[in-house]
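# Structure assessment
For reference, the chains in residue letters:
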Amino acid sequence: MRLGVLDVGSNTVHLLLLDVYPGARPEPYASHKMPLQLVQHQDAQGNITGTGRDALTDFVLEARDFAVRHDAEDLLAFATSAIREAGNGAEVLDHVQARSGVTLTELAGDQEAAVTFFAVRRWFGWGAGTVLDLDIGGGSFEMALGDNALPSVAVSVPLGAGRLTRSFVAGELPTPKEMKALRKHVRAELRPAVEKVRAAGRPTVVAGTSKTFRSLARICGAAPYAMGPYVRRTLHVEDLRLWSRRMEAMTVQERAELPGVSPARARQILAGAVVAEAAMDAYGVESLQICPWALREGLILRRLDQLTGNADVRTVDPRHLVGAA
């Protein structure tokens, strides 16, 4: 069957069409996306403005029509931190549904972490043992650990690269005072979450997922994405430490010229590096492996499981996706 997955994130809205069959690897068919930073369309009260709501609605309409033209038989549509943390997120979702007929499912932070972990587990397999996954988004940072298909513990903290950049870096170049405040805030916010995750066990494999970790690994010398998903890509904290300090002295344009960094993410990649470095230090991790599968693939795999009789992630209580730890 041809499945559409519509992902409303903090930095982009992205429709991916795939040909999927139970027991087979999902094969990408077509893609349609737009850089829409919803957090840039929030007012002083944290509500998404009418302009942002309408831009999102217009893209969902485009995505719906694109999926129909390409014979999609099913559509998974979901939204993450940009919507769940907006004061009027529910009203925005209602508006989108009324205009387009598409229901965007809002994922809670721990649910997002758990489904991403599910994809990572499928990628590495049971031989990986206990897996720790770290995932930096635009609005939040998810961590999950476990030795089963779903994690024993999954947490989400408000340490997304875009959020931190807006809160701590005012100009083109960060000042030493801004960087000191940023690092102090990240460490303080991470501490209780990391303690909770570490209490659940010790990982045998540490993975990094999503665009920020892929970009950081590329900056630090990992193979380009064009070489395919099966090339092993490793991010070493020693290299990350060096490059995070180098990026402090770079303009946004200079960061955009680094390998693996798009112009849309160049401003926030420094904050992403600070979070990644702090997390790796907190867990005592010298290196991690980049996993090409993340939240989107986790939802696809959950849907395929539904076709064979398992529950759909959209109707599962987040407490059932995360263990009791």
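One can find the structure itself at the top, above this paragraph.
Below is a summary of the structure that appears in this document. Here the structure is a predicted model, which means the values were calculated and not measured.

### Regarding the overall build of the chain
Check the secondary structure of the chain and you find twelve helices and eleven strands. A compact globule built from 325 residues should have a C-alpha radius of gyration of about 20 Å, and the chain, at 19 Å, falls within 12% of that. Considering only C-alpha atoms, the chain reaches an extent of 50 × 45 × 40 Å along its principal axes. Across the 325 residues that make up the chain, the buried fraction comes to 54%. In the chain, of all internal contacts separated by at least 6 residues, the share reaching a separation of at least 24 is 70%. For the chain, the exposed surface amounts to about 14100 Å²; the carbon and sulfur share of it is 50%. Positive and negative side-chain charges of the chain, numbering 37 and 37 respectively, have mean locations separated by a distance of 5 Å.

### Overview of the environment of Ala-266
Considering the arrangement of structural elements, one finds Ala-266 in the loop between α9 (252-256) and α10 (269-283). What makes Ala-266 buried here is its relative accessible area of 0%. C-alpha separation for the pair Ala-266 and Ser-215, spaced 51 residues apart in sequence, amounts to 9.9 Å.

### Let's talk about the nonpolar core
Among the nonpolar cores identified, the biggest contains 51 residues, and Leu-134, Phe-141, Met-143 and Leu-235 are the most heavily contacted of them. With eleven residues, the top contributor of residues to this core is α10. What Leu-235 contacts, discounting residues up to four positions off in sequence, is Phe-213, Leu-216, Ala-217, Cys-220, Leu-240, Met-280, Glu-286, Ser-287, Leu-288 and Ile-290. Ranked by size, the runner-up nonpolar core spans 28 residues in total, among them Val-115, Phe-118, Ala-119 and Ala-154.

### Structural notes on the sheet that holds strand β10 (residues 234-236)
Strand order in this open sheet of six strands is β8-β7-β6-β9-β11-β10, and the pairing throughout is mixed. One side of each edge strand has no neighbouring strand; the edge strands of this open sheet are β8 (153-157) and β10. This sheet shows a mean twist of 25 degrees between the axes of neighbouring strands, independent of strand direction. Examined bridge by bridge, strand β6 (residues 131-136) and strand β7 (residues 141-146) share six bridges and lie antiparallel to one another. Across the sheet, Leu-132 pairs through a bridge with Leu-145, a residue of β7. Along the sheet, α10 makes contact with β6, β7, β10 and β11 (287-291), crossing β6 at roughly 160 degrees.

### Overview of a positive patch on the surface
A contiguous patch of positive charge, built from Lys-180, Lys-184, Arg-187 and Arg-191, is present on the exposed surface. Examined against the element boundaries, Arg-187 turns out to sit in helix α6 (residues 176-198). Judged by its relative accessible area of 47%, Arg-187 falls in the partly exposed class.

Conventions we followed
Residues numbered from 1 in each chain as written. Predicted model: local features only at pLDDT ≥ 70, side-chain atom pairs only at ≥ 80, totals over all residues. Heavy atoms only, no water. Helix = DSSP H or I, 4+ residues; strand = E, 2+ residues; numbered from the N terminus. Rg over C-alpha atoms; globule rule 2.2 N^0.38 Å. Buried < 20%, exposed > 50% of the residue type's maximum accessible area, 1.4 Å probe, protein only. Contact = heavy atoms within 4.5 Å. Areas by Shrake-Rupley, 256 points an atom, 1.4 Å probe, with all protein chains shown as cover. Lys, Arg positive; Asp, Glu negative; His and termini not counted. Charge placed at Lys NZ, Arg CZ, Asp CG, Glu CD. Core = buried A, V, L, I, M, F, W, Y, C linked by side-chain atoms within 4.5 Å. Pairing = 2+ DSSP bridges. Axes fitted to C-alpha atoms, helices over the stretch in contact; angles between N-to-C directions. Patch = residues over 30% accessible without salt bridge, like charges linked within 9 Å, V, L, I, M, F, W, Y side chains within 5 Å. Salt bridge = Lys/Arg side-chain N within 4 Å of Asp/Glu carboxyl O.

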